[in-house]
Amino acid sequence: MTADRTPLARTELAALLTDAAQGVSGVLTTEYPTSASRSYLHPVLGALSAGPRVVCELNDRLEKFVIEEPLPSTPAGLFTLASYASALGWLTESLAELTASVDQICTRVGIPAEPPDPAFAAPSPTEQDDEFDFAFSALELAAIRTAAEAAGLSPGDYVEVLSQSLLAASRITDACMEISSGLLEDAAYVLGEATDHVWIGEGPDSLPTLVRSLLARMEAAE
């Protein structure tokens, strides 16, 4: 019977959370080859390519964990499950938001529609200078024009979509860092207890870090 299985040890529970933290942080270090024509997507393509794989891996491990650590079981196991499930849900939501942002960028530049008309992609130098001289140095202007030309966009449109891409990258970075940090904190808590039990009560300190973070986000959104 499933109920007769031996609960996982604290070291195994902590390892599960630690491995998950490493998987989440790996989303941010993944590089994805980006062509010059899509350089404005470079900030997000690594996370966009690695994210779904990491979610699948975490989901597979969660299913295995539920099989090996029957519910209800030890408080440590329940604590670990709450932390892990919160991390998985948070990462999935963050990747959905990233995907939506990238979709908006692609729509903005006409992907997968026909490439922009050449006249739209190459405005006159006077228009470029009037728009950007106040914000960029001569070297930066030259780099923007070169990248915009390769992407088939005007410098103004290129800066706009690149800014959107950088903002989306910043959001997924913040989410992954907080998720990974929370998992590591919860792993240390599980591992640092003197027994195979952790305190599961009504106080806020009894909840996993990620659960408290999610509750705080929900309260802030209200």
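Position numbers for residues start from 1 in each chain and track the written sequence from start to end. Local features are withheld for residues below a pLDDT of 70 in this predicted model, meaning they are given only at 70 or higher, and side-chain atom pairs are given and counted only at 80 or more; totals for whole chains, interfaces and linings count all residues. Excluding hydrogens and water, the side-chain figures rest on all heavy atoms present in the structure.

J.: Can you break down the confidence of the model for the protein residue by residue, with the values?
T.: Averaged over every residue, the pLDDT of the protein is 80; residues scoring 70 or more account for 74%. Per-element confidence in the protein ranges from a low mean pLDDT of 39 for helix α4 (residues 118-121) to a high of 94 for helix α1 (residues 10-29). pLDDT gives the predictor's per-residue confidence on a scale running from 0 to 100. The criterion used for residue contact is that any of the two residues' heavy atoms lie within 4.5 Å. Predicted confidence for residues 113-130 stays below pLDDT 50, and this span has 15 contacts to residues more than four positions away or in other chains. Overall, residues 200-204 carries pLDDT values under 50, and its contacts beyond four positions in sequence, including any with other chains, amount to five contacts. Counting from the N terminus, the helices are the DSSP runs of H or I reaching at least four residues and the strands are the DSSP runs of E reaching at least two.

J.: Tell me what's going on with the packing of helix α3 (residues 75-109) against helix α7 (residues 155-192), and back it up with residues and numbers.
T.: One can describe the packing of α3 onto α7 by two numbers: an axis separation of 10 Å at closest approach and a directional angle of 175°. If you check the angle between α3 and α7, you find them roughly antiparallel. Counted by class, the contact of α3 with α7 contains 18 nonpolar, six polar and five charged residues. Simply put, an axis is a line fit to the C-alpha atoms, just over the touching stretch for a helix, and the angle between two N-to-C directions goes from 0 to 180 degrees. Oblique is the label for any angle not under 35 degrees, not over 145, and not in the 65 to 115 range, which are roughly parallel, roughly antiparallel and roughly perpendicular in turn. Think of it as three bins: nonpolar holds Ala, Val, Leu, Ile, Met, Phe, Trp, Tyr, Cys and Pro, charged holds Asp, Glu, Lys and Arg, and polar takes everything else, Gly as well.

J.: Any chance you could break down the layout of surface pockets for me, citing the residues and the numbers?
T.: As a volume, the largest pocket reaches approximately 210 Å³. S94, E97, R171, I172 and A175 are the residues nearest the centre of the largest pocket, which is lined by twelve residues in total. Examining the composition of the lining of the largest pocket, we find that six residues originate from one element, α7, more than from any other. For the lining of the largest pocket, the per-class residue count stands at five nonpolar, two polar and five charged. Each cavity reported here is a set of points on a 1 Å grid over the protein atoms alone in which a 1.4 Å probe fits but cannot get out, each pocket an open set with protein on both sides within 12 Å along at least five of seven lines, and each lining residue one with an atom within 4 Å of a point. Grid points are joined across faces, edges and corners, and a volume is the space filled by probe spheres set on the points.

J.: Go over the pattern of salt bridges with me, naming the residues and quoting the values.
T.: Definition used for salt bridges: Asp or Glu carboxyl oxygen within 4 Å of a side-chain nitrogen of Lys or Arg. This model, assessed by the stated rule, comprises three salt bridges. Measuring nitrogen to oxygen at the nearest pair gives 3.3 Å for the salt bridge that ties R108 to E160. Note that R108 is positioned in helix α3 and E160 in helix α7, a separation of 52 residues in sequence. Burial classification: accessible surface area is computed with a 1.4 Å probe over protein chains only, and a residue below 20% of its type maximum counts as buried, one above 50% as exposed, and the rest as partly exposed. Looking at E160, the relative accessible area reads 33%, which means it is partly exposed. Through salt bridges that share partners, R108, D157 and E160 make up one connected network.

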